[in-house]
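# Chains, contacts and geometry: an overview
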Amino acid sequence: HGTLHKALNQAVKLGIIRVNPADACDLPKVIKHEMTPIPDDELGNFLNAIKDSPYYAYYYVMIFTGMRRAELIGLTWDCVNFVRGTIRVYRQFNRNLTKPGSQYEFMTLKNGKERTFRPAQSVMDMLRRVKKEQAENRIACGAAWMNDQNFVFTHKNGKYLNGNSVYAQFKKIVKAMGIGETRLHDLRHTFATLSLENGTDVKTISEALGHATTAFTMDVYGHVSEAMQRDASDRMERLIQGL
């Protein structure tokens, strides 16, 4: 509707039509999915639960970087800078539903905004282990190796990950933990919540998540957690006592 409305507005300006018919449309209300980030006291249990999963490294990097599912699947080694300790995100690997067969292919980011950020050192260490394991798998596979695109996260034969398979196993894990309502996308929300609780400024979080603006980040994560409320209360109490 937004794209059509803008085009028709231009037609009005050019005198092609007298009024914009899209003005009369009643748009449906935007339904926001409730966020269910993994609680702090369940985070250790979750990390233990995923250790035996073939997607362990994928889940680990997602929860501690906030990257989107398709961004992680499409991450290639040229985007990981071990010297600077940074990750560059400029595309995603997803099904193109506009084409017959809906094949996976590289596509632009959700908002087209490229970003480079510095994750925690533990994330970079995890990626080093992934690279080492992948090199071993490549030798074992020989000519059967399938990673021509240089993907970071692959199956043992080098084939890229399937988003549906990654999601299905994640749901089995959280269901077994008793937090079945948690979605894979909630790992992204978990990262943002943890970052806010640990005092990371909103601009840094917004850039890491790839949001268009910090205002959008505040709109999504404007809620104040109990831990953040306690911290603010304690700081104010220390200020009062120091007067």
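In what follows, the accompanying structure is described. (Residues numbered from 1 in each chain as written. Predicted model: local features only at pLDDT ≥ 70, side-chain atom pairs only at ≥ 80, totals over all residues. Heavy atoms only, no water.)

## Observations concerning the pattern of salt bridges
For the structure on display, the rule yields seven salt bridges. Across the pair Arg-128 and Asp-125 runs a salt bridge whose closest N-O atoms are separated by 3.4 Å. Of the two residues, Arg-128 and Asp-125 are both situated in helix H5 (residues 121–141); the distance of three residues between them amounts to about one turn of the helix. Residue classification places Arg-128 among the partly exposed positions, given a relative accessible area of 37%. One salt-bridge network, held together by shared partners, links Arg-68, Glu-71 and Arg-115. (Salt bridge = Lys/Arg side-chain N within 4 Å of Asp/Glu carboxyl O. Helix = DSSP H or I, 4+ residues; strand = E, 2+ residues; numbered from the N terminus. Buried < 20%, exposed > 50% of the residue type's maximum accessible area, 1.4 Å probe, protein only.)

## Quick look at the packing of helix H2 (residues 40–49) against helix H3 (residues 56–65)
With their axes 10 Å apart at the nearest point, H2 and H3 run at an angle of 155 degrees to one another. As summarised for this structure, H2 and H3 are arranged roughly antiparallel, according to the angle between their axes. Between H2 and H3, the residues in contact are Leu-43, Phe-46 and Leu-47 and Tyr-56, Tyr-59, Tyr-60, Ile-63 and Phe-64, respectively. Residues belonging to the contact of H2 with H3 are distributed by class as follows: eight nonpolar, no polar and no charged. (Axes fitted to C-alpha atoms, helices over the stretch in contact; angles between N-to-C directions. Parallel < 35°, antiparallel > 145°, perpendicular 65-115°, else oblique. Contact = heavy atoms within 4.5 Å. Nonpolar A, V, L, I, M, F, W, Y, C, P; charged D, E, K, R; others polar.)

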